[in-house]
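Listed below are the residues making up each chain.
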Amino acid sequence: MIPKRIGVFDSGVGGISVLGNLIDSKAFDEIIYYGDTARVPYGTRSKETIIQYSLEALDFFKQFKLDLLVVACNTISAHGLGAMQKATDYPIIGVIEPGVLALTNNLQNKNAKILVLGTKATIQSQLYQTLLKDQGYSCINGLATSLFVPLVEEGIFDGKILESVMEYYFKDYIEKPDAIILGCTHFPLISKAIANYFQNQFPKLEKSILIHSGIAIMEYLKTKYTLQTSKTHSKVAFYASDNLEKLKKTADLWLQTIK
C-alpha cells in the first residue's frame, strides 16, 4: 500500500528538518507531526525511559489511522524503534538505517573517513557504527556533539558562538572526514556551518559529503514504495505535548531556513 497519511514523531522540534523533505516531496496527502516537547530532550535519558516515552507516543497516534510513521529522531531510532515496531500493525521507520543507506549510495570507498555526529544516547548506542561496519566501512568515528542542540533551538545557525562550539568539538581533527553523517535532526540547520568549518581547515581537499536525515528518509521511501507526487503540498497538522504555539513558530522558521 502506498502511504498517503503519515505521522512524524520527534522528542521535540528536531524532526521538523525531516518534515521539510517530506512536505517538499508532495507524495503524501496528510502529515501529522507530534513533538513530545514537554519531555525533550530524549538524548540524555536512559534507554528504558526512551522506550517508555516512544510507546506512549503511539497512543497519541492511534486516533489518526496512519499508513506509516516516521520516527524523525536519531535517539528514538537508536533505542525505541524496535519496541514501537512490535507494538503496531503499520510500518514504522527510523532515520538511522536510511542514513546508512544514503551513505552507501554516495560513498563507495570502504576506507573513507566517516564522522558521525549525534547526541550522547545516539553515539553510545553504537548503532550507526555497527551498521556502517556491516557495510564494510572501516574508519568510523562517532562524536557526541550535544551542545549543538540547544544552539539550534535558540536559532543560532552561524556566528561566533557556534564557531567556538565547533572548535571545541573538532579541534583534535587533523584529517578531514570524507563524509559526515548528521546523526541528529537538529543538525541540518547548521550543516552549512559544519561544512564550512572543515573546508576552512582543509581548503585543498574536496568538500565532505554530508548525510542529512530528511534527504535520506525520502531516498529510502522511494526505494520501498512507488510514491506518486501531486501538484500541491501535503496538509500538515502540528501537535505537541506542551507549548504548541512555540512548536509552530519554530516550524515556520526552520522550514524557511532549510530551503
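Look a little higher up for the structure.
Residues numbered from 1 in each chain as written. Predicted model: local features only at pLDDT ≥ 70, side-chain atom pairs only at ≥ 80, totals over all residues. Heavy atoms only, no water.

Caption draft 1: Examining the sheet that holds strand β2 (residues 30–35) more closely. A sheet is described by the order of its strands in space; here five strands give the open sequence β4-β3-β1-β2-β9, paired in parallel fashion. Looking at which strands have only one partner, the edges of the open sheet turn out to be β4 (92–93) and β9 (235–240). Direction of pairing for β2 relative to β9: parallel, over a ladder of six bridges. Residue Y33 lies in a different strand from β9, and its bridge partner there is F238. The sheet strands contacting helix α2 (residues 47–61) are β1 (5–10), β2, β3 (68–71), β4 and β9, and the helix crosses β1 at an angle near 145 degrees. Each of β2 and β9 is contacted by helix α12 (residues 244–258), which is oriented at about 135 degrees to β9, the strand it contacts most. (Pairing = 2+ DSSP bridges. Helix = DSSP H or I, 4+ residues; strand = E, 2+ residues; numbered from the N terminus. Contact = heavy atoms within 4.5 Å. Axes fitted to C-alpha atoms, helices over the stretch in contact; angles between N-to-C directions.)

Caption draft 2: Local environment of helix α7 (residues 127–134). Regarding α7, the residues found buried are Y128, Q129 and L132. When α7 is viewed along its axis, its buried side chains cluster within an angular range of 95 degrees and face the same direction. Packed against the buried residues of α7 are α3 (74–79), α5 (96–106), β5 (113–118), α6 (120–125), β6 (139–144) and β7 (179–182). Phi turns positive, to about 100 degrees, at G136, one or two residues after α7. (Buried < 20%, exposed > 50% of the residue type's maximum accessible area, 1.4 Å probe, protein only. Arc of directions from axis to C-beta.)

Caption draft 3: View of unusual backbone geometry. Omega for the peptide link from V40 to P41 comes to 5 degrees, which places this bond in the cis form. As for its position among the elements, P41 is in the loop between β2 and α2. Phi at K65 takes a positive value of approximately 50 degrees, unusual for a residue other than glycine. Residue classification places K65 among the exposed residues on the basis of a relative accessible area of 69%.

Caption draft 4: Main features of the state of the cysteines. With the rule as written, the count across this model stands at zero disulfides. Lacking any disulfide linkage, C73 is separated from the closest cysteine sulfur, that of C184, by 7.0 Å. (Disulfide = S-S within 2.5 Å.)

Caption draft 5: How the structure looks around the pattern of salt bridges. Evaluated as defined, the whole model comprises six salt bridges. With a shortest N-O distance of 3.0 Å, E30 and R5 are connected by a salt bridge. Of this pair, E30 sits in strand β2 while R5 is found in strand β1, placing the two residues 25 residues apart along the sequence. A salt bridge links D178 to K113; its shortest N-O distance comes to 3.7 Å. One end of the pair, D178, is in the loop between α9 (160–170) and β7; the other, K113, is in strand β5, and 65 residues separate them in sequence. Assessed through its relative accessible area of 30%, D178 is described here as partly exposed. With relative accessibility at 27%, the residue K113 sits in the partly exposed group. (Salt bridge = Lys/Arg side-chain N within 4 Å of Asp/Glu carboxyl O.)

Caption draft 6: Highlighting the environment of I16. Looking at the element boundaries, I16 is found in helix α1 (residues 16–25). When the C-alpha positions of I16 and I180 are compared, they lie 20 Å apart, and in sequence the two are 164 residues distant.

Caption draft 7: Focus on the pairing of β2. Burial runs high along β2: six of the six residues are buried. Burial along β2 is two-sided: the face carrying E30, I32 and Y34 and the face carrying I31, Y33 and G35 are both buried. Traced from β1 through α1 to β2, the parallel crossover comes out right-handed. (Right-handed = clockwise from strand over helix to strand, strands pointing away.)

Caption draft 8: Looking closely at the packing of aromatic side chains. A full pass over the atoms with the stated rule returns 19 aromatic pairs. For the ring pair F9 and F61, a centre distance of 6.5 Å and an interplane angle of 75 degrees mean the geometry is edge-to-face. With F9 in strand β1 and F61 in helix α2, the pair connects residues that are 52 residues apart, well separated along the chain. Put simply, the rings of F148, Y168, Y169, F170, Y173, F187, Y197 and F198 pair up and form one aromatic cluster. One Lys or Arg, R39, reaches over the ring of Y53 and ends 3.7 Å from the middle of that ring. (Phe/Tyr/Trp six-rings, centres within 6.5 Å; stacked < 30°, edge-to-face > 60°. Lys NZ or Arg CZ within 6 Å of the ring centre and 35° of its normal.)

Caption draft 9: Looking closely at the packing of α1 against helix α11 (residues 213–224). The geometry of α1 relative to α11 is characterised by a closest axis approach of 7 Å and an angle of 45 degrees between their N-to-C directions. By the criterion of interaxial angle, the relationship of α1 to α11 is oblique. The crossing of α1 and α11 is right-handed. Residues S17, V18, N21, L22 and S25 of α1 form the contact with α11, whose own contacting residues are S213, G214, I215, I217, M218 and L221. Counted by class, the contact of α1 with α11 contains six nonpolar, five polar and no charged residues. (Parallel < 35°, antiparallel > 145°, perpendicular 65-115°, else oblique. Left-handed = near helix turned anticlockwise from the far one by under 90°. Nonpolar A, V, L, I, M, F, W, Y, C, P; charged D, E, K, R; others polar.)

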